[in-house]
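Observations on chain architecture
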Amino acid sequence: MKNYILAILFLGMFMVSNSAVSQESEMGSPESLEDKILALDAQFWKAYNTCAVSDFKQFLTDDLEFYHDKGGLTKTADKLVGAVKDNLCADSNTKLRREAIKGTVKVYPLQNYGAIITGEHLFYLTENGAKERLVESAKFTHVWQNENGKWRMSRVLSYDHQKASKNSNKLSIQLSMSSMKSLAGTYKAPNTGTITISIENNTLRMKAGKMKSELFAQSETSLFMKEAPLRFKFEKDANGKVVKFTVFENGKAVEEALRVE
């Protein structure tokens, strides 16, 4: 009896292990899955940005469901492609371009189905040859279905659409490396907590909790975010070292952050 129970337990463990190996073999390693989905995502948005409507549908299942927080539910790939053709791509004098916000896009495996990709993105509008301007930000979640090696999106969610802040089209200047280094460091604020300002690819980036955003300069001590109505005024001590900054939201001072490192 004891041997029988052990045999059953061993068989069960083998079946679970074998199933996991089979699933990993089908979907690939987490790294290869992420590369696959990111590549498909890039192709999809390239078709979107260039209004390549004929290429658009290949990324969608026939029974697609598209959820939009402002427009509601659109069912089937045909209806979504038709809406893109008749609205987004109908006027050659108007162009909408989507761009992902760096650091926000994540890919997750979906057992026995495919994968999920989530993130945040920005939309830029060009009208009648005028300069491109930021008009909106939003979040997205796409469910990718793997059907016999053919990857297509079956569910698309587009939500938390926000109109661009007044800062979105504000002009900025390029700071010198020495100026950026003087601002980079760790700060602490009573409400926000730890705030880190770092230099990445010759730009300043601010990280506070899950928020990470690029900073743009109006002067050596006045910076702002384009996607939010926030401005940061830095102050120096008698020796010329930056020691704190004040956060302004819609022109009103809301918090002060002291430098700790």
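In short, a report on the structure. (Residues numbered from 1 in each chain as written. Predicted model: local features only at pLDDT ≥ 70, side-chain atom pairs only at ≥ 80, totals over all residues. Heavy atoms only, no water.)

1. A look at the overall build of the protein chain
- When helices and strands are tallied, the protein chain shows five helices and 15 strands.
- Looking at the 261 residues of the protein chain, the share that counts as buried comes to 36%.
- Taking contacts inside the protein chain between residues at least 6 apart in sequence as the whole, the part at least 24 apart equals 46%.
- As displayed, the protein chain has an accessible area near 15800 Å², and 53% of this comes from carbon and sulfur atoms. (Helix = DSSP H or I, 4+ residues; strand = E, 2+ residues; numbered from the N terminus. Buried < 20%, exposed > 50% of the residue type's maximum accessible area, 1.4 Å probe, protein only. Contact = heavy atoms within 4.5 Å. Areas by Shrake-Rupley, 256 points an atom, 1.4 Å probe, with all protein chains shown as cover.)

2. Some words on the nonpolar core
- Counting 29 residues, the largest nonpolar core has Ile 37, Phe 56, Leu 60 and Trp 144 as the members making the most contacts within it.
- Looking at this core, the elements that each hand over two or more residues are helix H2 (30-49), helix H3 (53-56), strand S1 (60-68), helix H4 (77-88), strand S5 (114-127), strand S6 (133-147) and strand S7 (150-163).
- Ranked by the residues each element gives to this core, the list is headed by H2, at seven residues.
- Discounting chain neighbours no more than four positions away, the residues touching Phe 56 are Phe 44, Ala 47, Tyr 48, Leu 80, Val 81 and Val 84. (Core = buried A, V, L, I, M, F, W, Y, C linked by side-chain atoms within 4.5 Å.)

3. Section: the sheet that holds strand S10 (residues 203-208)
- Judged by pairing direction, the barrel is antiparallel, and its eight strands sit side by side in the order S8-S9-S10-S11-S12-S13-S14-S15 before closing back on the first. Strand after strand, the sheet turns through a mean of 30° between neighbouring axes, direction not considered.
- Pairing analysis gives seven bridges linking strand S13 (residues 230-236) to strand S14 (residues 242-249), with the strands arranged antiparallel. Bridging across to S14, Lys 236 finds its partner in Val 242. (Pairing = 2+ DSSP bridges. Axes fitted to C-alpha atoms, helices over the stretch in contact; angles between N-to-C directions.)

4. Points about the side chain of Thr 126
- Mapping Thr 126 onto the fold places it in strand S5.
- Each residue touching Thr 126, except ones within four places of it in the same chain, is listed here: Asn 93, Thr 94, Lys 95 and Glu 132.

5. Re the state of the cysteines
- Taken as a whole and judged by the stated rule, the model has one disulfide.
- With a sulfur-sulfur separation of 2.1 Å, Cys 51 is cross-linked through a disulfide to Cys 89. Between Cys 51 and Cys 89 the sulfur-sulfur dihedral comes to about -90°; the bridge is accordingly left-handed. Here Cys 89 lies in the loop between H4 and strand S3 (94-100) and Cys 51 lies in the loop between H2 and H3, a separation of 38 residues in the sequence. (Disulfide = S-S within 2.5 Å.)

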